[in-house]
Amino acid sequence: MTNNARAGALMAVASMVLVQLGIAVSVGLIDRIGAEGAAWLRLAWAGLLLPLLVRPRLRSIGRRALLTCVTLGVVTAGVTMLFMASVARLPLGTASALEFLGPLGVAVARGSGRAKLWAAPAAVGVLLLTEPWHGGADPLGVFFALAAAVCWAAYILLTQKVGDTVSGFQGLAVSMPVAGVVATIVAGPSTFGHVTWQLLLVGAGLALLLPVIPFSLELLALRRLTTAAFGTLMALEPAAALVIGLLLLHQIPSAIAVAGIAFVVAAGIGAERTGARPHRPDPAATTSAVDKNHSEPAPV
């Protein structure tokens, strides 16, 4: 295993832990303005904070890369909003298992050799952790969950493309405001009346915990890992959720959940060992090449 693969895997795992911490500490916020409202508040703040921190230079990005960043923003909002809609109609375990078909599909479709094999134990682990065979399945809820899975798969591919073509965090500083606008259009009108100044301040802090820091780590991880390895590592998220739930929410996992953790940990180790990217593109060089091919500056 190369240092590049190890660093990428650690970043991906750290991102997952922060995501679950963000969800755990958001329980009170979700109770007050709903799951969609909490997601909107985080995305809206992230869309404001990242451009202020990064100050992206739009003219240096190039039209094609800028379009990719905008598409990533739409997909980021889509995976969040669609998953919330599925959870409103399905048990959380069922919705989670269906959504995880996204990164697992990336691992199978884009992997090669041993990387493809690790998708199988990861899929078994996800099923054991979420137990989707319990309860009935609402057809519309299933549709929303599968749509979220497609968005998550697209998010992985687009995040890697943005990381390869746009230097630093400029791509993320463009995509997150787009996600904030889309989330505001979808969930904002039903939430505005319940928002207070106190909730706005809480939302700003939660936006750093989720999604600003985790998404930044994912962008860096995808510069070091194949999409197949990253997609398989994402199956570790249910295990991270169980650990965080045990430590912070005192939720004791069942024996079948522990077995699921063993499967996904094994898949994660295998993906880490086989997932280094052989040739990491230079974002600055790629951006320069794009600018030469598309010399007309992007509109500001």
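Preceding this paragraph is the structure being described.
Residues numbered from 1 in each chain as written. Predicted model: local features only at pLDDT ≥ 70, side-chain atom pairs only at ≥ 80, totals over all residues. Heavy atoms only, no water.

1. Focus: the packing of helix H2 (residues 27–54) against helix H4 (residues 63–87)
The angle between the axes and the distance between the axes are what describe a pair of packed helices. Two elements in contact, H2 and H4, have axes separated by 9 Å at closest approach and are oriented at 165°. When the interaxial angle is binned, H2 and H4 end up roughly antiparallel. Considering only the axes of H2 and H4, their crossing is right-handed. Between H2, through Ala 35, Glu 36, Ala 39, Trp 40 and Leu 43, and H4, the contact on the second element is made entirely by Thr 76, Ala 77, Thr 80, Met 81, Met 84 and Ala 85. A per-class count over the contact of H2 with H4 returns eight nonpolar, two polar and one charged. (Axes fitted to C-alpha atoms, helices over the stretch in contact; angles between N-to-C directions. Helix = DSSP H or I, 4+ residues; strand = E, 2+ residues; numbered from the N terminus. Parallel < 35°, antiparallel > 145°, perpendicular 65-115°, else oblique. Left-handed = near helix turned anticlockwise from the far one by under 90°. Contact = heavy atoms within 4.5 Å. Nonpolar A, V, L, I, M, F, W, Y, C, P; charged D, E, K, R; others polar.)

2. Considering helix H9 (residues 139–165)
Taking 1.5 Å per residue as the helical rise, H9 with its 27 residues ought to reach 39 Å, and the 39 Å between its terminal C-alpha atoms agrees with that figure. For H9, the capping residue at the N-terminal end is Asp 138, with a side-chain oxygen 2.9 Å from the backbone nitrogen of Leu 140. (Expected span 1.5 Å × (residues − 1). Polar contact = N/O pair within 3.5 Å; in protein donor to acceptor, adjacent residues only side chain to side chain.)

3. Digging into the packing of aromatic side chains
Evaluation of the coordinates by the stated rule reveals four aromatic pairs. Measuring from centroid to centroid gives 5.8 Å for Phe 143 and Phe 144, while their planes differ by 55°, and the two rings are tilted. Look at Phe 143 and you get exposed, because its relative accessible area is 52%. (Phe/Tyr/Trp six-rings, centres within 6.5 Å; stacked < 30°, edge-to-face > 60°. Buried < 20%, exposed > 50% of the residue type's maximum accessible area, 1.4 Å probe, protein only.)

4. What to know about unusual backbone geometry
In this structure, the amide linkage connecting Leu 210 to the following residue, Pro 211, adopts the cis form with an omega of 25°. Even without glycine at this site, Arg 55 takes up a positive phi of about 55°. With respect to the helices, strands and loops of the structure, Arg 55 is situated in the loop between H2 and helix H3 (58–61).

5. Some details on the side chain of Thr 80
By the element assignment, Thr 80 lies in helix H4. Residue class for Thr 80 comes out buried when judged on its relative accessible area of 18%. Of note is the side chain of Thr 80, whose polar atom sits 3.0 Å from the backbone oxygen of Thr 76. Beyond its immediate chain neighbours, meaning those up to four positions away, Thr 80 contacts Ala 39 and Leu 43.

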